[in-house]
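Letter by letter, the chains look like this.
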Amino acid sequence: MEYFAHLALSAGIFIILSVSLNLINGQCGQFSLGHAGFWAIGAYTSAYYGVYHPLPVPDFINLFIGCGIGFICAALAGVIIGVPCLRLRGDYLAIATLGFSEIIRIIIINLDIVGGPRGFTNIPNWSNLGWVYLWVAITIIFCANLVRGTHGRAIISIREDEIAAESMGIFTFKYKSLAFILGAGFAGIAGSLFAHSQQFLHPNGFTFMWSVIILLMVILGGLGSISGSVIGAIILTLLPEVLRLMGETIANWRMVIYSLLLIFLMLLRPSGIMGKKEFNLPFLREPR
Amino acid sequence: MILETKDITMRFGGLVAVDKMNIQLGENDLVGVIGPNGAGKTTIFNMITGIYKPTEGDIFLNGQNMVGKHPAHITQAGIARTFQNIRLFKNLSVLDNIRLAAHSNTKYGLAANIFKTKSYKVEEQRIKDEAFELLKIFNLEDNAYKISRNLPYGQQRRLEIARALATKPKVLLLDEPAAGMNPNETAELSELIKWVRKEFKIAILLIEHDMKLVMNVCERIYVVDYGVLIAQGAPTEIQNDPKVIEAYLGQEVT
């Protein structure tokens, strides 16, 4: 039972991460590979607060404060990396953000106060399944409401055609930064929830590979689709575990099967499971 | 004069793409810019809309200098444009294309958007109503929820003009609006352009290769060749100008 609860919890955290990365990569069209960096910042700052300066208030209020700190610090990092780097396009931005997330990891390794290479231990256990899914809901509602307003539309127009967007009176740099900062901030929240449910952090848990896996979730679900990102996160979290349960042979080959499934899915549906479409309940749809 | 360029020059390295161009556009004028391929017509548009910063010269909109301003600022000040190769937001619906143009006139903040406050709902309703009004004028309201990439070519051209008008401009720049249209569509378009000028009370500057359209629609024409203004005047004057004939057909062999 604990095993399934743990799976559900990491699925929830990956949903927050993939939906927030979708805001940057899918909706704004800026190729960022630094999501693990923002995630790490959120996790470590919130854990630092929890270990060294927790306020004497109930746990769930402390968790909210931790999430707030994670959001603000990751968003600030988003400003620092975003403002100079968003002038770059495509592959160049990807490389710059990748470098940034590695810098974050190396800094953490060299910070003794958060455990350095030994890992950060004794983080208070404030989070649980309920709180994680509350934040999942907040993240999804936030992003879904955003794209239905003028700010979200401006963000999407940058992906569609930056020159046309500028000649429609949209300050593209401002909205690129907004998408980047909000995406980074929500990754920070995911980090905070992760820290307070795992109770242990290690710099190697935030390598470049995790940025790639989060990106895979977004692409698998469909770049630009919020519901796609949710589906992608759930599939890629559960798939290796489901394969593990299917007998010894499959369990041994599970990473191979996992990769093959990804290849076939991309061959059959290059635009991802949902494409750019959204799964909408009737009462959520825009009235026509 | 609503729009006036004073000696604007654009150099790309050693190449002078546009040389000391003076264009004047009155309150409700309909003026054409013609010239052979590569004459620098689109470069003029790109300078006026701020995509390029002119190497020299000034651009005045209502007496205010626009040189060096961000393209979005220039659009908000009242210059809207269409593009030679259609630049719609291809994966968005027709309605969203128009709604995006209303962006700079939208008055609610990010928080209002996220929490769907009353001001958000009121503004969104207004934007939607205005968008539908515009779509009705351009005969596109039945396609409002279609993805714009799936529209036929002529309708995409019309949508681009509608989108430019949705920014509420004082000056509209049309870059080859009839490119790729058949004679029927071109005839419809020239009626549409005249009608837009009258109905929206704006000035229109258009680049065009289709002589029939230009001669039929424009009151005044500028002829550009190799970045230099070689003639200007009414359509009939232009048609008989020896310099213009030379630019288009070449010199007579003596």
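Data block above holds the structure.
Residues numbered from 1 in each chain as written. Chains lettered and ligands numbered in written order. Predicted model: local features only at pLDDT ≥ 70, side-chain atom pairs only at ≥ 80, totals over all residues.

A few points about the overall build of chain A
Then step 1. Regarding its fold elements, chain A presents twelve helices and zero strands.
Then step 2. For chain A, the succession of helices and strands along the chain, N to C, is α-α-α-α-α-α-α-α-α-α-α-α.
Then step 3. On C-alpha atoms alone, chain A measures out to a radius of gyration of 19 Å, which is about the 19 Å that the 2.2 N^0.38 rule sets for 288 residues.
Then step 4. Each of the three principal axes of chain A carries a C-alpha extent, and together these read 55 × 45 × 40 Å.
Then step 5. Expressed as a percentage of contacts within chain A between residues at least 6 apart in sequence, the contacts between residues at least 24 apart total 80%. (Helix = DSSP H or I, 4+ residues; strand = E, 2+ residues; numbered from the N terminus. Rg over C-alpha atoms; globule rule 2.2 N^0.38 Å. Contact = placed C-beta atoms within 7 Å.)

Some thoughts on the overall build of chain B
Then step 1. The secondary structure content of chain B amounts to ten helices and ten strands.
Then step 2. Against the 2.2 N^0.38 benchmark of 18 Å for 254 residues, chain B shows a C-alpha radius of gyration of 19 Å, consistent with a compact globule.
Then step 3. Put simply, of all contacts in chain B between residues at least 6 apart along the chain, 65% involve residues at least 24 apart.

Some remarks on the environment of Ile113 of chain A
Residue and element names in this part refer to chain A.
Then step 1. Checked against the element boundaries, Ile113 lands in the loop between helix H4 (90-109) and helix H5 (129-146).
Then step 2. The exposure class of Ile113 is exposed, given the 9 C-beta atoms found within 10 Å.
Then step 3. For the pair Ile113 and Phe60, spaced 53 residues apart in sequence, the C-alpha to C-alpha distance is 25 Å. (Buried ≥ 20, exposed ≤ 12 C-beta atoms within 10 Å, placed from the backbone.)

Things to note about unusual backbone geometry
Residues and elements named next belong to chain B.
Then step 1. Phi at Asn62 is positive, roughly 55 degrees, even though this residue is not glycine.
Then step 2. Mapped onto the elements, Asn62 comes out in the loop between strand E4 (56-61) and strand E5 (64-65).
Then step 3. The residue Asn139 is not glycine, and still its phi comes out positive at about 60 degrees.
Then step 4. Looking at where Asn139 falls in the secondary structure, it is placed in the loop between helix H5 (118-137) and helix H6 (153-166).

Notes on the packing of helix H3 (residues 59-85) of chain A against helix H8 (residues 172-198) of chain A
Residues and elements named next belong to chain A.
Then step 1. Two numbers describe how H3 lies on H8: the axes approach to 7 Å, and their chain directions differ by 140 degrees. The angle between H3 and H8 places the two elements in the oblique class. Viewed along their axes, H3 and H8 form a crossing whose handedness is right-handed.
Then step 2. Taken together, the residues of the contact of H3 with H8 break down into 15 nonpolar, ten polar and no charged. (Axes fitted to C-alpha atoms, helices over the stretch in contact; angles between N-to-C directions. Parallel < 35°, antiparallel > 145°, perpendicular 65-115°, else oblique. Left-handed = near helix turned anticlockwise from the far one by under 90°. Nonpolar A, V, L, I, M, F, W, Y, C, P; charged D, E, K, R; others polar.)

Some points on the sheet that holds strand E9 (residues 220-225) of chain B
Residues and elements named next belong to chain B.
Then step 1. Ordered in space as E6-E7-E8-E3-E9-E10, the six strands form an open sheet in which the pairing is mixed. The strands lining the two open edges of the sheet, one partner per strand, are strand E6 (79-81) and strand E10 (228-233). Taking each pair of neighbouring strands and ignoring which way they run, the sheet shows an average axis angle of 20 degrees.
Then step 2. Sheet strands touched by helix H1 (residues 41-48): strand E3 (30-34), E6, strand E7 (171-175), strand E8 (203-207) and E9. Its angle to E7, the strand with the most contacts, is close to 145 degrees. (Pairing = 2+ DSSP bridges.)

Here's the deal with the interface of chain B and chain A
For an interface, size is often stated in terms of accessible area lost upon the parts coming together.
Then step 1. On the chain A side, the residues contacting the 27 residues of chain B number 22 residues.
Then step 2. Broken down by secondary-structure element, the contributors of at least two residues to the side of chain B that touches chain A are helix H2 (71-77), helix H3 (94-101) and helix H4 (110-115) of chain B.
Then step 3. The residue makeup of the side of chain B that touches chain A, split by class, is eleven nonpolar, ten polar and six charged.

Observations regarding the sheet that holds E4 of chain B
Then step 1. The four strands are arranged E2-E1-E4-E5 (chain B) in an open sheet whose pairing can be described as antiparallel. Two strands lie at the open edges of the sheet, namely strand E2 (15-25) and E5 of chain B, each paired on one side alone.

Notes on the pairing of E2 of chain B
Residues and elements named next belong to chain B.
Then step 1. Here strand E1 (residues 3-12) pairs with E2 via seven bridges, running antiparallel. Bridge pairing in E2 places Thr5 opposite Ile23.
Then step 2. Counting the residues between successive antiparallel strands, the hairpin from E1 to E2 contains two residues, one of them, Gly13, with a positive phi of roughly 60 degrees.

Let's talk about the nonpolar core
Then step 1. Core analysis: the biggest nonpolar cluster contains 155 residues, and Ile16 and Ala190 of chain A have the highest contact counts within it.
Then step 2. Top contributing element to this core by residue count: H8 of chain A, with 14 residues. (Core = buried A, V, L, I, M, F, W, Y, C linked by C-beta atoms within 7 Å.)

Quick word on the pairing of E9 of chain B
Residues and elements named next belong to chain B.
Then step 1. Summarising the sheet, E3 and E9 pair through four bridges and their orientation is parallel. Its bridge partner being in E9, Gly32 is matched across the sheet by Ile221.
Then step 2. From the end of E9 to the start of E10, which pair antiparallel, there are two residues, and Tyr226 there has a positive phi angle of about 50 degrees.

Some remarks on the environment of Ala36 of chain A
Residues and elements named next belong to chain A.
Then step 1. Positionally, Ala36 belongs in helix H2 (residues 35-52).
Then step 2. Given 27 C-beta atoms within 10 Å, Ala36 falls into the buried group.
Then step 3. Sequence spacing of Ala36 and Asn62 is 26 residues, and the spatial spacing of their C-alpha atoms is 24 Å.
Then step 4. If we ignore the near neighbours within four places in the chain, the residues touching Ala36 are Ser101, Phe206, Thr207, Phe208, Trp210 and Ser211.

With respect to the packing of helix H10 (residues 226-244) of chain A against helix H12 (residues 254-268) of chain A
Each pair of packed helices can be summarised by the angle the axes make with each other and by the distance between the axes.
Residues and elements named next belong to chain A.
Then step 1. Remark: H10 packs on H12, axes separated minimally by 9 Å, with the N-to-C direction vectors making an angle of 135 degrees. Taken together, the axis directions place H10 and H12 in an arrangement best described as oblique. The chirality of how H10 crosses H12 is right-handed. Contacts between H10 and H12 pair Leu239, Pro240, Leu243 and Arg244 from the former with Arg254, Ile257 and Tyr258 from the latter.
Then step 2. Among the residues forming the contact of H10 with H12, the class breakdown is five nonpolar, no polar and two charged.

Points about H4 of chain A
Residues and elements named next belong to chain A.
Then step 1. Its 20 residues place the ends of H4 29 Å apart at the C-alpha level, agreeing with the 28 Å of an ideal helix rising 1.5 Å per residue.
Then step 2. For H4, the complete set of buried residues consists of Leu93, Ala94, Thr97, Phe100, Ser101, Ile104 and Ile108. For H4, the arc enclosing every buried residue in end-on projection is 125 degrees, short of the 170-degree limit, so these residues lie on one face. Across from the buried face of H4, at angles greater than 90 degrees, the exposed residues are Asp91, Tyr92 and Ile106.
Then step 3. Those residues of H4 that are buried lie in contact with H2, H3 and helix H9 (208-221). (Expected span 1.5 Å × (residues − 1). Arc of directions from axis to C-beta.)

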